[in-house]
Amino acid sequence: MVTKTYKSHKNRHENLLDLFPCALYVIRDTVVIDCNNAAVKIFGYESKKEIIGRRLYELSPEKQPDGSSSIDKGEKIFKNALGSEDKISFRWMHKRKDGNDFPADIRIVNENGTLYAVMTDINETEQLKGQLTEKDYLNKDLMPVFKKILENTSEGVVITDTDGHIQWINTAFNKITGYSLPEVKGRKMNILKSGIQDQHFYNEMWEQVKNKGTWSGEIWNKAENGELYSEWLTISSIKDEENKTTHYVGIFKDLSEKKKIDRRMAELQQKDLLTGLYNRGHFLQLVDKHIKTRKDNERFSVIFIDIEGFREINSSLGHHIGDKLLIEISKRLLLVIKDNSILSRYSGDEFVILSKSIGEETDVVNLAEKLLESIRQPFMIENTVLNIETNIGISRFPDDGRDAETLIRYAETALYKKNGRSEKRIFFYSEDISREIEERFRMANLLTMAISNSEMSVYYQPIFDVGNPKNIVGAEALLRWDNPVFGRVSPDVFIPLAEKTGHIKYIGEWVLEQVCKQINLWKQKGYGIFPIAVNISVEQLEHAEFCKRVMEIIEKNNVKPDNIELEITERVSSGDLATIVKNLKGLKKYGIKFSMDDFGTGFSSLGQIDLFELDKLKIDKIFIDGLLNVSKKQNLVKSIIAMAKSLNLTVVAEGIETSEQLLYLKEAGCQLGQGYLVSRPLPPEEIDSLLHT
Ligand code: C2E
Ligand code: CA
Ligand code: CA
């Protein structure tokens, strides 16, 4: 068992350099001696071997856009970089394997004769930014095109003025409702009213359109011939530059037709279209059938497989990659299971197996381990190497349940035991879990009263200069909850709860308020340990008002914005990017700093790091643990530091527990540190005494 845990650790860290999201090259004597997967992908190659041993300026067109020879110019730049301590950045035209040129931003730093280069594809970064300023593209040339699209779409479209008088409808509107434009122009939308929804429904609908700008839902309407039909309607307000509503647009799909087709399709299909596996509905039937026809006393298991981070893959690499990955995963799972098992795609990224006649715990664990191992081998999808981890939940017939639904639900429930920081991946359902879930419900409830009952407090953990650990240059605010029923609850438990229930919004604002007050207290005493870092959850950043609220709190307390630093995590990349970036940019303008917490444990791309305009990177504790024994970790930490320097980011190493780690980090050029070696998180009074000595 021990060796197994070690092995999975090792597997994870072998590809750590590849976790670094941007293309990076390690160069000695002008030749690339190491690089990561992103570095291969950016050039359209398949393997690192094709890049290692070459010179980057040879992977270029013969001439650069200014007419100079790529080789001459490249050699000169490398010579300069080697002779300089400073970071060098420049733009360069490269050539991909397929012969196409692409412009790139290059940043190079020199660390004792070894050059570290980071490369970004400018087109890609621009594209990312472009997504957010889509409005810029809606120039006049495109208007006639949009009109054509609206005219011809199969969905009904209606545009009204702010009083709800119809101005324009498209052909599909006419087909679905029977009304033509001359018949409805200038009339109110209530000509379609079916009488099925009451006035309260409409009031709420319009209330939401006015407040949130959009509403969607199912609604019953009446066509010109008196027939009732159900539609899926989305109403949005159209606003001008001054944010004043000028029109409303309603878009709707006729659901009556769709429902009929869907039902027919479901009857025809027992299979999931993407993977060809049995779909959820049919799988449920198969399990129930097996329960009825099984041999007497036969025990069997239901295995629930959940793919970790699938959502992130979909949102950062695109759905077509996600789809291909699911197909490959299903192929591998099929290879592992035996004839007496049935595999189904249960939903999005979830697979479920009915494993007939396997009831003994050791047999199920054996099978589950084989399944995990088969997925753990890297996937190569469109030149992208993906390292996937899965978690498995298991329930057993008849002990845990006697019908398909219960068994599958409990197999999924077992996954509840998965704890982000542990390596354990196989979980059996037990009644304890149901009890624990109940307990979490109770806890979530108590959490809503924690602040008003004065159960919350903020601790501070010093952040210090790695070169001189006595020099405390800031602190991180860490929330503590002491509850009369549950005792001290770890933030790793209650923060995720608060995120799920939405309560994090209030808790987050409260923490910020406490931090502001504390900063003022410390200022009065003449202590200058700033900035204070405050952890922010993605759920907070997804609120449109977040930026405004933070500024209000800071201003109300008279705190300088640059005394506060907000820590975000790589999870932001899979959140609502448009809102998040808007919030971050607003706060940045105001003078607040940002750091990327737990760096290296999630997914992000360089384009996004650029987009977030970070100031610091915090290297996660898992890289610092065992740093001195694992050379892969050392390489990774060194390259993170070098890359961060080239991106003008300060590096903070988290979880420093020994003086050996500290020394190592100092020599690797890491500027700041945090960890039990210097201090645990402490209540503010105890920090005071630390500053005295
Ligand atoms: P984090 O942001 O990664 O915080 C660092 C965690 O590492 C803290 O755990 C800290 O006590 C611990 N730590 C620091 N140095 C060492 C060390 O040398 N050794 C070891 N073993 N641990 C060390 P804590 O306070 O339990 O916080 C856990 C997590 O809860 C935080 O992880 C953060 O993600 C979240 N959290 C805490 N307070 C807040 C908050 O106010 N808002 C939000 N949104 N999240 C918070
Ligand atoms: Ca943190
Ligand atoms: Ca952290």
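Residues numbered from 1 in each chain as written. Chains lettered and ligands numbered in written order. Predicted model: local features only at pLDDT ≥ 70, side-chain atom pairs only at ≥ 80, totals over all residues. Heavy atoms only, no water.

If you check an unreviewed UniProt entry, the protein chain appears there as GGDEF domain-containing protein from Clostridium thermosuccinogenes.

Undergrad: Just give me the short version of the domain arrangement of the protein chain, but keep the residues and values in it.
TA: According to the domain assignment, the protein chain consists of domain 1 (2-131), domain 2 (154-259), domain 3 (271-429) and domain 4 (443-692). The C-alpha centroid of domain 3 is placed 43 Å from the C-alpha centroid of domain 2. (Domains from an automatic or database assignment.)

Undergrad: How would you sum up the pattern of salt bridges? Please name residues and give values.
TA: Summed over the entire model, instances satisfying the criterion amount to 35 salt bridges. One salt bridge in this structure joins Glu552 and Arg549, with 2.5 Å as the shortest N-O distance. Here the residue Glu552 and the residue Arg549 both occupy positions in helix 21 (residues 546-556), the gap between them amounting to three residues, near one helical turn. The class of Glu552 is partly exposed, set by a relative accessible area of 34%. A salt bridge links Lys618 to Glu654, with the nearest nitrogen and oxygen atoms 3.8 Å apart. A residue pair is termed long-range when its members are at least 10 positions apart, and Lys618 in strand 24 (residues 616-619) and Glu654 in the loop between strand 25 (650-653) and helix 26 (659-667) qualify at 36 residues. Its relative accessible area of 12% is what places Glu654 among the buried residues. Linked by salt bridges that have partners in common, Glu308, Glu373, Arg376, Glu389 and Arg425 make up one network. (Salt bridge = Lys/Arg side-chain N within 4 Å of Asp/Glu carboxyl O. Helix = DSSP H or I, 4+ residues; strand = E, 2+ residues; numbered from the N terminus. Buried < 20%, exposed > 50% of the residue type's maximum accessible area, 1.4 Å probe, protein only.)

Undergrad: Give a detailed account of the coordination of the calcium ion (ligand 3), specifying residues and quantitative values.
TA: Around the calcium ion (ligand 3), the protein contributes the donor atoms Asp597 (OD), Asp598 (OD), Glu654 (OE) and Glu654 (OE), at 2.2 to 2.5 Å from the metal centre. Each donor residue of the calcium ion (ligand 3) lies on the same chain, and together they follow the pattern D-D-x55-E. (Donors = N, O, S within 2.8 Å, 3.2 Å for Na, K, Ca; no water.)

Undergrad: An account of the packing of helix 13 (residues 310-317) against helix 14 (residues 319-336) is requested, with residue identities and associated values reported.
TA: Direction vectors running N to C along helix 13 and helix 14 enclose 140 degrees, while the axes themselves pass 6 Å from each other. Compared by their axis directions, helix 13 and helix 14 come out oblique. Within the contact between the two elements, helix 13 uses Phe310, Ile313, Asn314 and Leu317 and helix 14 uses His319, His320, Ile321, Gly322, Leu325 and Leu326. In terms of residue class, the contact of helix 13 with helix 14 is built from six nonpolar, four polar and no charged. (Axes fitted to C-alpha atoms, helices over the stretch in contact; angles between N-to-C directions. Parallel < 35°, antiparallel > 145°, perpendicular 65-115°, else oblique. Contact = heavy atoms within 4.5 Å. Nonpolar A, V, L, I, M, F, W, Y, C, P; charged D, E, K, R; others polar.)

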